[in-house]
Amino acid sequence: MKQSQAEASRLCARQLRGLIFDVDGTLAETEEVHRHCFNAVFEAAGLPDHWDQQLYAQLLHVTGGKERMRSYFERSTPPLDKDTIASFHTRKNACYARRLEDTPPALRPGIKTLIESAKAQGIKLGIATTTSRSNLAALMNSHFGTRWRDDFCAVVCGEMVQRKKPHPEAYVMALQQMQLTAQDTLAFEDSQPGVDSAKEAGLTVIATPSLYFKSSDFSRADLCIDHLELFPSDKTPALGIPQLADWFKGLQNAHA
Ligand code: XBP
Ligand code: MG
């Protein structure tokens, strides 16, 4: 009897308590804005380099804008020095902020409802991204207002980690800030390096592949779906946080 009570409480403990969101590609299709701004900076500096979509799809496997430029310009002669890369990155992010103020990319389907419903039901919210703090703020301010930070227990950006995705550091740090464990928490990612990062941190992951990762291998994700439009409209059946929580609990208990 004692043993089955212990077992029951162990299973009950495996409930959905937190959601952690990646940013670029998961909340919104932002990578075309980043790409446009990288190219604008190269052009203004008089460089012949231009990142087209085909090239950018490969470059995106290096996460972080500075790291991406460093890896690309390593091949040029002479390679760009550290200060030039830092200055390009500052200019790229300033361009990104201006673009988002003018025409912010739409949130992906289901994101706003999912965040608002989770908040209403007391599920903790977190962000784990390799993008810069200013880029995150530009996107969140435009869709959630300038007080958005109050609703998130954890916000981890590129500047805060030593090792960017696919290293798990961003997710480990977000879990610490949220005071949750990986067994309580669900991550949302759009890219292969992002899924790897969350899985290495021990999280359950739902992948919603973004434009640049449509043909990537998402076999490590626990679920891979087109988007997060889980919630009822006039015409679709009800599917929301309770269903997501049931799915999560079933998966956790199956792994227990
Ligand atoms: C995706 C990225 C980012 C952006 C550029 O981040 O790799 O590096 O392309 O951001 P996410 P910065 O983890 O949100 O998917 O230039 O600010 O580094
Ligand atoms: Mg992403």
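Residues numbered from 1 in each chain as written. Chains lettered and ligands numbered in written order. Predicted model: local features only at pLDDT ≥ 70, side-chain atom pairs only at ≥ 80, totals over all residues. Heavy atoms only, no water.

Caption draft 1: Region of the structure containing the pairing of strand E1 (residues 18-21). Going residue by residue along E1, you find Gly18 and Ile20 tucked away on one face and Leu19 and Phe21 tucked away on the opposite face as well. As judged from the four bridges shared by E1 and strand E2 (residues 124-128), these two strands associate in the parallel manner. Bridge pairing in E2 links Leu19 to Leu125. Note that E1 and strand E4 (residues 185-189) share four bridges and pair parallel. Bridging across to E4, Leu19 finds its partner in Leu186. (Buried < 20%, exposed > 50% of the residue type's maximum accessible area, 1.4 Å probe, protein only. Helix = DSSP H or I, 4+ residues; strand = E, 2+ residues; numbered from the N terminus. Pairing = 2+ DSSP bridges.)

Caption draft 2: Quick look at the state of the cysteines. Taken as a whole and judged by the stated rule, the model has one disulfide. Two residues, Cys37 and Cys95, share a disulfide whose sulfurs are 2.2 Å apart. Across the S-S bond of Cys37 and Cys95 the torsion is about -70°, and the bridge reads as left-handed. A residue pair is termed long-range when its members are at least 10 positions apart, and Cys37 in helix H2 (residues 31-44) and Cys95 in helix H5 (residues 82-102) qualify at 58 residues. Side by side, Cys37 and Cys95 carry an identical accessibility label, which is buried. In this structure Cys153 is a free cysteine whose sulfur lies 15 Å from that of Cys157, the closest cysteine sulfur available. On the basis of relative accessibility, which here comes to 36%, the residue Cys153 falls in the partly exposed class. (Disulfide = S-S within 2.5 Å.)

By themselves, these figures tell us nothing about what the structure is for.
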